[in-house]
Amino acid sequence: MTIQQCKYALEVARRGSFGVAAQHLFVAQTSISTGIKALETELGIQIFERSNKGVHLTQEGTEFLHYAAQLVSQAEMIDERYRTSAHIAKLTVSCQHYDFAADIFGRFLNEIHDTAFTFSLRETRTYQVIEDVETAMADIGIIAICEKSEPLMERFLAKKKIVFAPLGTTKPHVFVRREHPLSGRDSIAPEELYDFPYIYYEQGMHNASFFTEELWDSSNQPRRIEITDRASLMNLLLLTNSYTIGTGIMTSELNGGAICAVPFASNSVYHLGYLVKKDKALSDHAQRFLTRLSAFFQNIEG
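Residues numbered from 1 in each chain as written. Predicted model: local features only at pLDDT ≥ 70, side-chain atom pairs only at ≥ 80, totals over all residues. Heavy atoms only, no water.

Caption draft 1: Spatial organisation of helix H2 (residues 18-25). Along H2, the residues that are buried comprise Phe18, Gly19, Ala21 and Ala22. Down the axis of H2, the buried set is contained in an arc of 160 degrees. They therefore lie on one face. Where H2 is buried, its residues touch helix H1 (3-15), helix H3 (29-43), strand S1 (48-51) and strand S2 (54-57). By the N-cap criterion, in which a side-chain oxygen at the helix start approaches the backbone nitrogen of a residue two or three places on, H2 is capped by Ser17, the distance to Gly19 being 3.2 Å. A positive backbone phi angle near 60 degrees is found at Phe26, which sits one or two residues after H2. (Buried < 20%, exposed > 50% of the residue type's maximum accessible area, 1.4 Å probe, protein only. Helix = DSSP H or I, 4+ residues; strand = E, 2+ residues; numbered from the N terminus. Arc of directions from axis to C-beta. Contact = heavy atoms within 4.5 Å. Polar contact = N/O pair within 3.5 Å; in protein donor to acceptor, adjacent residues only side chain to side chain.)

Encoded structure:
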């Protein structure tokens, strides 16, 4: 099976015709027919039903194209990353959903004077951050590790040949809007949160406790809201009396001071740090970003 065969199948499904697909791909129709026939033979499935009215996807074909689209997308991403001109500066930072990371990334961009660059900030699930660093899709990862889960996470990262470099420690904080009934407290106990909706980030199939971002086991909370992005988190916090548990680090420039962090009555300690691939040389831009990242945490602790 080749990427080109997958592209053929996707284009035929998109156009509903072998002939029209051939025209859009600037190849002979026989090339597409031969390629897809070979693909069907290799996989032992029928991707298209052919008739006088055109071609239609079979059930097996629909399932196959779901995976084929992912393969083609990944191939195009790799091609874009490595075939672009060598002089173009590149940096990808993958992180959990932290607004301080976006703040640091923005300030880092203000220091860049290259005539051409491709920089990326990926906010994603914990496991995906680790996988991005492992597969070199990201140069740097940023995560928090619970002190209780640290030995387990260290073994997990070691197997993937990833190094975790601590930046600082923090204790859990409750994030709520300024108008929240609990916003004025010196600290908040777990039982005080029981009547309020709890917001947490969806972690997909990798939902073990040491992959969570919220720094607290909230499985006993009766009202739970699962989200996937930081914008949804901010909107829900601003519009409702919901809450989440986080690092306590939130830059006022990005939230306008409308969200506050109240210390959570917990003995848990979390280590914030960055991930890099073991023995992988970092670019000048990656080193520059890490310098600013480290300075940010030094200022907090200072």
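Caption draft 2: Layout of the packing of aromatic side chains. In total, this model carries 13 aromatic pairs according to the counting rule given. Each member of the aromatic cluster is reached from another via a ring pair, and the members are Phe105, Phe108, Phe117, Phe119 and Phe289. If you follow Arg224 out to its NZ or CZ, it ends over the ring of Tyr200, 4.4 Å from the centre. (Phe/Tyr/Trp six-rings, centres within 6.5 Å; stacked < 30°, edge-to-face > 60°. Lys NZ or Arg CZ within 6 Å of the ring centre and 35° of its normal.)

Caption draft 3: Seen up close, the packing of H1 against H3. Between H1 and H3, whose axes approach to 9 Å, the crossing angle comes to 110 degrees. By the criterion of interaxial angle, the relationship of H1 to H3 is roughly perpendicular. Contact with H1, carried on its side by Gln5, Tyr8, Ala9 and Val12, involves Ser31, Ile32, Gly35, Ile36, Ala38 and Leu39 of H3 and no other residues of that element. Taken together, the residues that form the contact of H1 with H3 break down as 7 nonpolar, 3 polar and no charged. (Axes fitted to C-alpha atoms, helices over the stretch in contact; angles between N-to-C directions. Parallel < 35°, antiparallel > 145°, perpendicular 65-115°, else oblique. Nonpolar A, V, L, I, M, F, W, Y, C, P; charged D, E, K, R; others polar.)

Caption draft 4: Local environment of the pattern of salt bridges. On inspection of all chains with the given rule, the structure shows 12 salt bridges. Asp139 is paired through a salt bridge with Lys280; the nearest N and O atoms lie 3.3 Å apart. In this pair, Asp139 sits in the loop between helix H6 (126-134) and strand S5 (140-146) while Lys280 sits in the loop between strand S12 (270-277) and helix H10 (284-301), placing the two residues 141 residues apart along the sequence. The residue Glu192 makes a salt bridge to Arg185 at a minimum N-O spacing of 2.1 Å. Glu192 sits in the partly exposed class, given a relative accessible area of 27%. Taking the relative accessible area as the measure of exposure, Arg185 reaches 38% and is therefore partly exposed. (Salt bridge = Lys/Arg side-chain N within 4 Å of Asp/Glu carboxyl O.)

Caption draft 5: Broad picture of the environment of Arg125. Here Arg125 is to be found in the loop between strand S4 (117-123) and H6. Among the residues examined, Arg125 registers a relative accessible area of 35% and is labelled partly exposed. Each C-alpha atom of the pair Arg125 and Asp229 lies 9.5 Å from the other, and the pair is 104 residues apart in sequence.

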